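The chain contents come next:
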Amino acid sequence: MLYGDKFSHEVDAAKISSAGFPVQKIRGGYLVQVTEEINDVADDSLML
């Protein structure tokens, strides 16, 4: 998930990192990695 300049103030990078998700500062925003496998996002059967 990419939070650009407009939403960067909504990101608590320390809290997200402490929950186990990698966070990278990119220019004025943040990139948050929510899964190691992009197909997890498309595979909605994981939500069942």
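That block above? That's the structure.
Residues numbered from 1 in each chain as written. Predicted model: local features only at pLDDT ≥ 70, side-chain atom pairs only at ≥ 80, totals over all residues. Heavy atoms only, no water.

So, the pairing of strand S2 (residues 23-26)
Argument step 1. Pairing of S2 with strand S3 (residues 29-32), which is carried by four bridges, proceeds in the antiparallel orientation. Bridging from a neighbouring strand, Ile-26 pairs with Gly-29 of S3.
Argument step 2. Count of turn residues in the S2/S3 antiparallel hairpin: two residues, of which Arg-27 carries a positive phi of about 50°. (Pairing = 2+ DSSP bridges. Helix = DSSP H or I, 4+ residues; strand = E, 2+ residues; numbered from the N terminus.)

Overview of the packing of aromatic side chains
Argument step 1. Using the criterion set out here, one finds zero aromatic pairs in the structure.
Argument step 2. Seen from the ring of Tyr-30, Lys-25 lies directly overhead, with NZ or CZ sitting 4.6 Å from the centre. (Phe/Tyr/Trp six-rings, centres within 6.5 Å; stacked < 30°, edge-to-face > 60°. Lys NZ or Arg CZ within 6 Å of the ring centre and 35° of its normal.)

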